[in-house]
Structures are given as structure tokens and as C-alpha cells.
Amino acid sequence: MTPLIEMKQVTKSYGEGNMKVVALHETNFQLNAGEFVAIVGPSGSGKTTFLTTLGQLQEPSGGKILVKGTETGNLTEKEKTDLRFKEFGFILQASNLIPFLTVKEQLDLIDRLDKDESSKSDRQELFDLLDLNKVQNHYPKALSGGERQRAAIARALYNNPSIVLADEPTASLDTQRAYQVTDMLASIAHEQGRGVVMITHDTRLLDKVDRVFIMNDGHLVEEIQA
Ligand SMILES: Nc1ncnc2c1ncn2[C@@H]1O[C@H](COP(=O)(O)OP(=O)(O)OP(=O)(O)O)[C@@H](O)[C@H]1O
Ligand SMILES: [Mg+2]
């Protein structure tokens, strides 16, 4: 089976000369359909760098990334943008909501970009589950941190991406909602056969995932379960 996404010897550095920071050392990684994996590790260890490089939001400094078997290094910018839109759902640390659109309009925009109704999730179900009904006509600046995060989750999941990349999606949620969101990500992987990568600091949530990786100083190592 071709993995959903694969990293081969990928590295990522920032800056140049004596300012150079190696944020990601040679990394090999595979995510298969139906898998829910977690990334843990200290602040500044390279977790977000790994996730954004995996999601084609920034270029790797070295190595290759394959999405469903296609090497992304050879794609044009337009092809990469299409790939990101079609295959990936991002839930990022800095919530990537569009400031001048209400919660509901963030989803309307996706409808406008992709007219295929059948490729969408049930909006009402997402809003119910994420408790967004009351704030669907609010702009991001009028949302609490947790609401903003939940709106970003709704937006990321709305067009049913095959790969969901989530950077601390539960960071500003209460315990109950953190579990709900994690259960939702687990069911997306296990019941819908998609792939989910979640960065988290919350070790209580690790029971729900299939594999755990630890990032330390730019080195990604899989934790072997006992
Ligand atoms: N755009 C950038 N330019 C220069 N250095 C960067 C940039 N982004 C990240 N870094 C550096 O790369 C390293 C890894 O950062 P990264 O954001 O991936 O860490 P992280 O594990 O996600 O941390 P946190 O848990 O705090 O979010 C850090 O030393 C950081 O300072
Ligand atoms: Mg980070």
C-alpha cells in the first residue's frame, strides 16, 4: 500500500552561516491511511517545523516528500497549492482563520473554492460537535482562544482532506473538549481511513493514537510501545 505521505531523508534549516539553525535533522517518516499518530517533544525541538514541512507549507532544505506516491519537489507552485487544498487539512498553532470572514463564512469560502458538495462534511454536525452554533456569525477577533481553535478545526475538517495535520489542536480547550476533539480525529483516521498527525503536550491524549513519535533537538524517534 502506498503511504498517504512519506518523508525521505528530509532536513530543514533556517538562516545561513553562523546564524544557521538545523531545526530538522535527516528524517524518515511514513503515514498510512487509517493511522492516527502523535508527535511530542519539548518547546523549540522542531515539531512545528516537521509538520509544516510535511504539509508543503515550507520547502525542505534536503530530502524528498511524497504525497500518495508523487514527489512534491517537482511540482509547480500552482500544483502545490492545489495539492495542499485538496489533500491537507491544517490546524495550526497560530489559528489560520481569515480575519475579515465570520466563522460561517470561513466555510462558505471553501464551498466557493470547491463546488463539489459531496466532498464536504456535514456543516451542522461539525458545528454541533465543536459547539460553534452560537458564534457562527462572529469574526475571529470576537472569539475566545478556544472558540477560535474550534473554528479552525471545523474549517480544516470541512472539505474532508485525506491528511489532517494538527499542531496542538487541544491547547486552549477544556479537558472534556480536548477529549472530544481527539476522539473526532481518531474516528477520522480509523473510521474514514484518513491520516492524522497531531502535535500535543497532553500525554493523557496519547491513549487514543496508534503511534507516538518524540522530537528532540530536530531528531524524530518513534516510541516503541511496551
Ligand atoms: N522561521 C524561522 N526562522 C528561524 N528559526 C526558526 C524559524 N521557525 C522556527 N525556528 C527555530 O527552529 C527551532 C524549532 O522550532 P519549532 O517551531 O519547529 O519548534 P516546536 O517544537 O514546534 O516548539 P513549540 O513546542 O514551542 O511550538 C527553534 O529553535 C526555533 O527557534
Ligand atoms: Mg510548535
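Residues numbered from 1 in each chain as written. Chains lettered and ligands numbered in written order. Predicted model: local features only at pLDDT ≥ 70, side-chain atom pairs only at ≥ 80, totals over all residues. Heavy atoms only, no water.

Under the criterion given, the structure shown has 14 salt bridges. Across the pair Glu59 and Lys80 runs a salt bridge, and its minimum N-O distance is 2.6 Å. Of this pair, Glu59 sits in the loop between helix 1 (47–54) and strand 4 (62–67) while Lys80 sits in helix 2 (residues 77–87), and the two are 21 residues apart along the sequence. By relative accessible area, which is 44% here, Glu59 ends up partly exposed. On the basis of relative accessibility, which here comes to 7%, the residue Lys80 falls in the buried class. (Salt bridge = Lys/Arg side-chain N within 4 Å of Asp/Glu carboxyl O. Helix = DSSP H or I, 4+ residues; strand = E, 2+ residues; numbered from the N terminus. Buried < 20%, exposed > 50% of the residue type's maximum accessible area, 1.4 Å probe, protein only.)

Another point: the sheet that holds strand 6 (residues 88–91). Sheet strands pair by backbone hydrogen bonding; their relative direction is either parallel or antiparallel. Pairing is mixed in the open sheet, where 6 strands are placed in the order 6-7-8-3-9-10. The open sheet terminates on both sides in strands that have one partner only, identified here as strand 6 and strand 10 (219–223). Direction aside, neighbouring strands of the sheet carry axes that sit 20° apart on average. Summarising the sheet, strand 9 (residues 211–216) and strand 10 pair through 5 bridges and their orientation is antiparallel. (Pairing = 2+ DSSP bridges. Axes fitted to C-alpha atoms, helices over the stretch in contact; angles between N-to-C directions.)

Further remarks concern the pairing of strand 9. Note: strand 3 (residues 36–40) against strand 9, 4 bridges, orientation parallel. Bridge assignment links Val37 to a residue of strand 9, and that residue is Arg211. Linkage of strand 9 to strand 10, two consecutive antiparallel strands, is achieved through a turn of 2 residues, within which Asp217 is found at a positive phi near 50°.

Before going further, it helps to examine unusual backbone geometry. In this structure, Gln9 takes a positive phi of about 50° despite not being glycine. Within the fold, Gln9 resides in strand 1 (residues 5–14). For Gln9, a relative accessible area of 38% translates into the label partly exposed. Even without a glycine there, the phi angle at Asp217 is positive, about 50°. Structurally, the position occupied by Asp217 is in the loop between strand 9 and strand 10. Of the residues examined, Asp217 reaches a relative accessible area of 61% and is grouped as exposed.

So, about the packing of aromatic side chains. The final tally for this structure, using the stated rule, is 3 aromatic pairs. Taken together, a centroid distance of 5.1 Å and an interplanar angle of 90° make the contact between Phe29 and Phe50 edge-to-face. Highlighted residues: Phe29 in strand 2 (residues 21–31) and Phe50 in helix 1, separated in sequence by 21 residues. With 5.2 Å between their ring centres and 65° between their planes, Phe29 and Phe213 make a pair best called edge-to-face. In this pair, Phe29 is assigned in strand 2 and Phe213 in strand 9, connecting sequence segments 184 residues apart. Each member of the pair Phe29 and Phe213 is classed as buried. Members of the aromatic cluster, joined through ring pairs, are Phe29, Phe50 and Phe213. (Phe/Tyr/Trp six-rings, centres within 6.5 Å; stacked < 30°, edge-to-face > 60°.)

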